[in-house]
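# Examining the three-dimensional arrangement
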Amino acid sequence: IPDFVKSYPRVELEIREMVTADIVDSLHRDKIDVALVASGTCGTDVSYVLNSDGVLTVSGSGAMTNYRFAGQVPYYAYLEDIKTVIIEDGVTSVGTYAFRGCTNLTSLEIKGTLDKISKYAFYGCSSMTEITSLSTTVPDFADGTSTFTASGIKVTVPEGYPIDNFAGLTDLSY
């Protein structure tokens, strides 16, 4: 910044802010090429964000909405774009039909403690190959036979997690 500008503190501050913003923007531009695709609410205090990499993150506190059919989910238009679902800590349940028909969904990551995964939550997610749970508590599966319907899913859970909740899945690791 030239010395003559420094004699005007307000101008110097504005220039510093612009230069700093440009530097930060250029640094992040090289590292982050992910754009927001969609966002909204999927529960009273629960929201979702879908980015251009196909990662749908559900966050907030409380339960996701239980939908009556898959067409009611707020991100229905993007079901084929969803590749990964991340359920953040604070979300207590995954709603009925929440991800039904996400045919390109390959992985689910549960970062917090879920109380319940509702029926048909992941029904028809035929590309799903991996479920990772960082939780040490076991969610209630509303209907274990219809919650997950893909074969060949690799499930990674903390040691001591009851594996009978994943009956029929082919690969379980601790």
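Residues numbered from 1 in each chain as written. Predicted model: local features only at pLDDT ≥ 70, side-chain atom pairs only at ≥ 80, totals over all residues. Heavy atoms only, no water.

## Details of the packing of aromatic side chains
Short version of the rule: Pairing of aromatic side chains requires ring centres within 6.5 Å, counting the rings of Phe and Tyr and the six-membered ring of Trp. Pairs whose planes differ by under 30 degrees are stacked, by over 60 edge-to-face, and all others tilted. The rule is simple: take the accessible area with a 1.4 Å probe, protein chains only, and divide by the maximum for that residue type; under 20% is buried, over 50% is exposed, in between is partly exposed.
If you walk through the whole model with that rule in mind, you get 5 aromatic pairs. Ring geometry for Tyr-120 and Tyr-123: centres 5.5 Å apart, planes at 75°, overall edge-to-face. The exposure class assigned to Tyr-120 is partly exposed, which follows from its relative accessible area of 26%. Aromatic rings pair up to connect Tyr-48, Tyr-75, Phe-99 and Phe-122 into one cluster.

## Overview of the environment of Thr-106
Short version of the rule: Helix and strand definitions here come from DSSP, where helices need a minimum of 4 consecutive H or I residues and strands a minimum of 2 consecutive E residues; each element is numbered from the N-terminal end. Contacts are assigned to residue pairs with any non-hydrogen atoms lying within 4.5 Å of each other.
As for its position among the elements, Thr-106 is in the loop between strand 6 (91-94) and strand 7 (107-110). Here Thr-106 falls in the partly exposed class, since its relative accessible area comes to 33%. Apart from the residues lying within four places of it in its own chain, the contact partners of Thr-106 are Lys-83, Ser-127, Met-128, Thr-129 and Glu-130.

## Structural notes on the side chain of Ser-118
What counts here: Pairs of N or O atoms are called polar contacts if they sit within 3.5 Å, as long as, within protein, a hydrogen donor faces a hydrogen acceptor (for residues adjacent in sequence, only side-chain-to-side-chain pairs).
Checked against the element boundaries, Ser-118 lands in the loop between strand 8 (116-117) and strand 9 (130-133). A relative accessible area of 2% places Ser-118 in the buried class. A polar contact is formed between the side chain of Ser-118 and the side chain of Asn-66, at a distance of 3.2 Å.

## Remarks on the nonpolar core
Here is the rule we go by: Among the buried residues, those of types Ala, Val, Leu, Ile, Met, Phe, Trp, Tyr and Cys that are joined through side-chain atoms within 4.5 Å form a nonpolar core.
In this structure, Met-64, Tyr-75, Val-94, Phe-99 and Phe-122 are the most contacted members of the largest nonpolar core, which totals 31 residues. Of all elements in the fold, only strand 2 (46-51), strand 3 (55-60), strand 5 (84-87), strand 6 and strand 7 reach the threshold of two or more residues within this core. With 3 residues, strand 2 is the single largest residue contributor to this core. Beyond its immediate stretch of four places on either side in the chain, Tyr-75 contacts Cys-42, Tyr-48, Leu-56, Met-64, Ile-82, Ala-98 and Phe-99.

## Quick notes on the environment of Leu-108
Tracing the backbone shows Leu-108 in strand 7. Taking C-alpha positions, Leu-108 is 4.7 Å from Ile-131, a pair spaced 23 residues apart along the chain.

## Remarks on the state of the cysteines
Heads up, the condition is: Note on disulfides: each one is a pair of cysteine sulfur atoms within 2.5 Å.
For the coordinates displayed, the defined rule picks out 0 disulfides. The closest cysteine sulfur to the non-disulfide-bonded Cys-102 is located on Cys-125, 5.1 Å from its own sulfur. Taking relative accessible area as the criterion, Cys-125 reaches 1% and is therefore assigned buried.

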